[in-house]
Amino acid sequence: MSAGSRLILAAPHPAALSAACRAAERGGNAVDAALAAAAALTVVYPHQCSLGGDLIALVHSPDGTVRAIISAGAAAQNVDVEALRAADRRMPAQGPQTVTVPGVVAGWAALAESYGTPGALAAALRDAAELAENGATVSPGLARAIGERAEQIAADPGLTTLLTAPDGTPLTEGAPLPQPQLAAVLRNLADDPWSFYRGPVAESLAEGLRRAGSPLTAADLAAHRPETVEPLTLDTADTRWWTAPPPSQGATLLAVLGTGELRCGEAPQKGRGELRDQPPPARSEQATYPAEHLAPLCQDASAARDRLLGDPRGTQPDLNGLLRPAPLNGAQPPKPPSRPAGDTVAITAVDDSGLAISLIQSVYQTFGSGICDPTTGIVLHNRGSAFSLDPDHPALIGPGLRPPHTLCPVLGRSADLLLAAGCQGGRAQPQILAQTAPALMNPDADPASVLDRPRWVVGARDIGHESQTLLAEPGSVPATTTTLPSGVPVVVTPGRTDLAGHTQAVRLTADGRLDGAADPRADGGTVLCGGPAVPVPEGTPA
C-alpha cells in the first residue's frame, strides 16, 4: 500500500479488526487486510468458520475489473452414493459423510497470489497462530453457540477438548480459548499454504478424516484447485451489481435485486426476476420496499434455487430459471433440512485505490459437521449436507462434484460509490442483502443506520418453522400484520435475531470518502487503517 493510502474494513469480531490493522501497518492493501481478518476469524469464530470450511470472494480491481474466486471443495472420489441413498432419502445433516474438501486455505492463497502484497499472507498466518496459541477468548456469539450446541459438542472428542474448561464445564464468554494444535498448523501454512492440500498438514488431516469415518483421502485434498472466474453481473437503472456464479446462490440474489441486463462472462442472459406487476423501486425507495411485495419474490427465488442450483462441473445450472423464478402461486416450496443458526462470516474491505473485496468463509452450519480433528484442531464443515440424493436433481452428489453454496458476496458500483457487502444468513443471504445493499448504494445513507434497521426473513425449517413463515424483527412489518397476502404467517421475534443475518459493508465514494458499518447483531465493527490504527464509529465517514 503506497504511503498515505487508506482502507476501511468491516468484520464480525474485534480480533479480525486488529489483524486487519496490523496488515495495513505492514504496507498491506484491502485484500491483505481482509485475509488477515479472515485468518483471525478461523481462530476466534470456530462455530462459523475454520480452516476446515469453504470460501467465495469477489474482488474489484482499481481498473474496474471484477473477478469471483470460488474455493468450494468437492465430494470424495470414492463417495458411495448408493450407500447414502440406502440410509436415507436425504443427505445426513452432519457427520463425516457431509465433509467435503475444505477450500478456505486455497482461496486465501489464490487471493494473495493475484491481489496481495508479497509476504502479507504469511505474516497474517503467523499472527493468527499467535492468537491461537495464547490470545483468543470466547466471544458473546461463540458463547451462545456453545450453549445452544452442548449435546453436539459433548458427542465429539475434538469439540469437547476445544470448547470445555479443564473441569469439564462449557466455556463461557471471556474464557481463554487456547488452540495449540491449530497454532502449529497455521505456522506450517505460513511457510507454505499449499501444504494444507499437498504436504504434512494434508497428510495429518487426511488421517484425521479417515479416523472420523469420512471417505475423503489425501488424493482428494491434493486435487483441489480454487477457481478465478467471471462473476454474474446485473445492470440496473443506476447500479452495476456483481455476485458469484454457480455453485454459489448469487443468481438468487440477482433475481430479487430488480430488473436490468445480466451478463455471465460476455454472454447476455435473457430473463429477469421482477417484483410481479410492480415497477422496480427507485434507489431512495428500495430500503423500505414492503415485505408483502418482496417476500413472495424471495420465496419464488429460493424455491427455484432449491430445484435448479447445482455444480457446473456436473449438470449446467438453468440460469434463466434461477434468474426468472417461476411463481409459486401459493404452492409450498421444497422443505430444506433443519439448519441450526450461525454458519458464516463476511469480511469486506476497500482502499482508496479502488481495490475492494467481499470475502465470505463458512463451516455451513454451527460447528459444521460436528467434528473437530483432534490432531490439527480443525473444525470440519458440513457443506456436503446440501447435496441431493435425487438422481434427477442438478445437485446430486457425485465424485469430485461440489454442493450448491449459500455463500453470496456482492459488489455494487454507481457513479457515486463502490460498495462491498456480504452477510451471514445461510439460504436467506439473498433476502438479507436485498433489504440492505440497495439502500447502501445511496451515498447519503448512513451505513450503520441501514444495518440497524429491523429485517425479516422468509423460510421454513431453515428458520426454525415447519411451514413457510415470515420471521420478522420488531418494526420490519406493520404491527398489525399477522399474515402476508399469500397466506404466509408472520411471526414477530422478541428483538433482533441472528437469523436476520450479520451484514458487513464498506464503501468508497466518488469524492474519496471511506465509510462502512458492521451489523449490530454480531460482535464486530469497522476499522480505518492506513494512518493511525483507530477504530471508526460504525457508519461514520472516515
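All values reported here derive from a predicted model rather than from experimental measurement. (Residues numbered from 1 in each chain as written. Predicted model: local features only at pLDDT ≥ 70, side-chain atom pairs only at ≥ 80, totals over all residues. Heavy atoms only, no water.)

J.: Give a detailed account of the overall build of the protein chain, specifying residues and quantitative values.
T.: Each helix and strand in the protein chain was counted, giving 17 helices and 21 strands. Counting only residues that meet the buried cut, the protein chain has 62% of its 542 residues in that class. Intrachain contacts of the protein chain at a sequence separation of at least 6 include 71% that bridge at least 24 residues. Within the structure as shown, the protein chain displays about 18600 Å² of accessible surface, and the carbon and sulfur contribution to it stands at 52%. (Helix = DSSP H or I, 4+ residues; strand = E, 2+ residues; numbered from the N terminus. Buried < 20%, exposed > 50% of the residue type's maximum accessible area, 1.4 Å probe, protein only. Contact = heavy atoms within 4.5 Å. Areas by Shrake-Rupley, 256 points an atom, 1.4 Å probe, with all protein chains shown as cover.)

J.: Could you give an account of the pairing of strand S3 (residues 66-71), with specific residues and numbers?
T.: Taken across its six residues, S3 has five buried, putting it largely inside the fold. Adjacent in sequence and paired antiparallel, strand S2 (residues 54-60) and S3 are bridged by five residues, among which Gly 64 carries a positive phi angle near 95°. Pairing of S3 with strand S4 (residues 227-229), which is carried by three bridges, proceeds in the antiparallel orientation. Across the sheet, the residue bridging to Ala 68 is Val 229, located in S4. (Pairing = 2+ DSSP bridges.)

J.: An account of the pairing of strand S15 (residues 456-459) is requested, with residue identities and associated values reported.
T.: Side chains Trp 456 and Val 458 of S15 all project onto a buried face; the interleaved residues Val 457 and Gly 459 project onto the opposite face, where all are buried too. Of the pairings in the sheet, the one linking S15 to strand S16 (residues 469-472) comprises four bridges and is antiparallel in character. Bridge assignment links Val 458 to a residue of S16, and that residue is Leu 470.

J.: Which residues make up the nonpolar core, and what values go with them?
T.: Counting 93 residues, the largest nonpolar core has Leu 9, Leu 51, Trp 108 and Leu 111 as the members making the most contacts within it. Here the element with the most residues in this core is helix H2 (residues 30-44); it accounts for 13 residues. Non-local contacts of Leu 51, meaning those with residues more than four positions away in its chain, are made with Thr 42, Pro 102, Val 104, Val 105, Trp 108, Leu 182, Val 185, Leu 186, Leu 189, Phe 196 and Ile 378. Counting residues in each nonpolar core, the second largest holds 34 residues, with Leu 253, Leu 319, Leu 323 and Ala 428 among its members. (Core = buried A, V, L, I, M, F, W, Y, C linked by side-chain atoms within 4.5 Å.)

J.: Any chance you could break down helix H16 (residues 429-440) for me, citing the residues and the numbers?
T.: With 12 residues, H16 should cover 16 Å at 1.5 Å per step; its first-to-last C-alpha distance of 16 Å lies within 8% of that length. Burial of H16 is extensive: 12 of the 12 residues sit out of reach of the surface. Taken together, the buried positions of H16 are Gln 429, Pro 430, Gln 431, Ile 432, Leu 433, Ala 434, Gln 435, Thr 436, Ala 437, Pro 438, Ala 439 and Leu 440. (Expected span 1.5 Å × (residues − 1).)

J.: Help me get a handle on the packing of helix H12 (residues 250-257) against helix H14 (residues 291-308), residues and values and all.
T.: Two elements in contact, H12 and H14, have axes whose closest approach is 9 Å; the angle formed by their N-to-C orientations is 155°. As the angle between them shows, H12 and H14 are arranged roughly antiparallel. Crossing angle aside, the handedness with which H12 passes H14 is right-handed. Facing H12, whose interface residues are Thr 252, Ala 255 and Val 256, H14 presents Leu 294, Leu 297, Cys 298, Ala 301, Ser 302 and Arg 305. Tallied by class, residues from the contact of H12 with H14 come to six nonpolar, two polar and one charged. (Axes fitted to C-alpha atoms, helices over the stretch in contact; angles between N-to-C directions. Parallel < 35°, antiparallel > 145°, perpendicular 65-115°, else oblique. Left-handed = near helix turned anticlockwise from the far one by under 90°. Nonpolar A, V, L, I, M, F, W, Y, C, P; charged D, E, K, R; others polar.)

J.: Explain the sheet that holds strand S17 (residues 490-492) to me, using residue names and the numbers behind them.
T.: Read across the sheet, three strands follow the order S15-S16-S17 without closing on themselves; strand pairing throughout is mixed. Both edges of this open sheet fall to S15 and S17, since each of them pairs with a single strand only. Averaged over all pairs of adjacent strands, the angle between their axes in this sheet comes to 20°, without regard to strand direction. Along the sheet face, H14 touches S15 and S16 and points at about 40° away from the line of S15.

J.: Which residues make up the packing of H12 against H16, and what values go with them?
T.: Across the interface, H12 lies against H16 with an axial gap of 9 Å and an inter-helix angle of 50°. Taken together, the axes of H12 and H16 are oblique relative to one another. Of the two possible hands of crossing, H12 and H16 adopt the one that is right-handed. On the side of H12, the interface is formed by Thr 252, Leu 253, Val 256 and Leu 257, while H16 contributes Pro 430, Leu 433, Ala 434 and Pro 438. When grouped by side-chain class, the residues that make up the contact of H12 with H16 number seven nonpolar, one polar and no charged.

J.: Outline the environment of Ala 40, supporting the account with residue identities and numerical values.
T.: For Ala 40, the location among the structural elements is in helix H2. Ala 40 sits in the buried class, given a relative accessible area of 3%. Residues Ala 40 and Pro 14 lie 26 residues apart in sequence; the distance between their C-alpha atoms is 9.6 Å. Dropping the residues within four chain positions of it, Ala 40 is found in contact with Ala 15, Ala 16, Ala 19, Ala 128 and Leu 131.

J.: Before we move on, could you go through the confidence of the model for the protein chain and cite the residues and values that matter?
T.: Confidence in the prediction of the protein chain, expressed as mean pLDDT, is 89, and 89% of residues score 70 or more. Considering only residues more than four positions removed or in separate chains, one finds that residues 265-288, a stretch of pLDDT under 50, has 56 contacts. Contacts of residues 532-542 to residues separated by more than four positions or lying in other chains number 34 contacts, the stretch itself having pLDDT below 50. (pLDDT = per-residue confidence, 0-100.)

J.: Outline the side chain of His 393, listing residues and values.
T.: If you trace the backbone, His 393 turns up in the loop between strand S12 (378-380) and strand S13 (410-413). In terms of polar contacts, His 393 uses its side chain to reach the backbone amide nitrogen of Ala 395, at 2.9 Å. Those residues in contact with His 393 that lie beyond four places of it in its chain are Asp 306, Arg 307, Leu 309 and Ser 388. (Polar contact = N/O pair within 3.5 Å; in protein donor to acceptor, adjacent residues only side chain to side chain.)

J.: With reference to specific residues and values, describe the pattern of salt bridges.
T.: In total, this model carries 26 salt bridges according to the counting rule given. A salt bridge links Arg 126 to Asp 191, with the shortest nitrogen-to-oxygen separation between them at 3.3 Å. Here Arg 126 is found in helix H5 (residues 120-134), whereas its partner Asp 191 is found in helix H9 (residues 180-191), with 65 residues between them in sequence. The partner of Arg 427 in a salt bridge is Asp 306, and the shortest N-O contact between them spans 2.3 Å. With Arg 427 in the loop between strand S14 (417-424) and H16 and Asp 306 in helix H14, this pair connects stretches of sequence that are 121 residues apart. Owing to a relative accessible area of 13%, Arg 427 belongs among the buried residues under this scheme. (Salt bridge = Lys/Arg side-chain N within 4 Å of Asp/Glu carboxyl O.)

J.: Please give an account of H12 that cites residues and values.
T.: With respect to burial, H12 is a largely interior element, eight of its eight residues being buried. One or two residues past the end of H12 sits Gly 258, with phi positive at roughly 135°.

J.: Any details on unusual backbone geometry? Residues and values, ideally.
T.: Cis rather than trans, the peptide bond between Pro 246 and Pro 247 has omega equal to 15°. Within the fold, Pro 247 resides in the loop between strand S6 (240-243) and H12. The phi dihedral of Tyr 364 falls on the positive side, at around 80°, and the residue is not glycine. Tracing the sequence through the fold places Tyr 364 in the loop between strand S10 (356-362) and strand S11 (371-373). Judged by its relative accessible area of 9%, Tyr 364 falls in the buried class. For Phe 367, which is not glycine, the phi torsion reads 60° and is therefore positive. Owing to a relative accessible area of 0%, Phe 367 belongs among the buried residues under this scheme.

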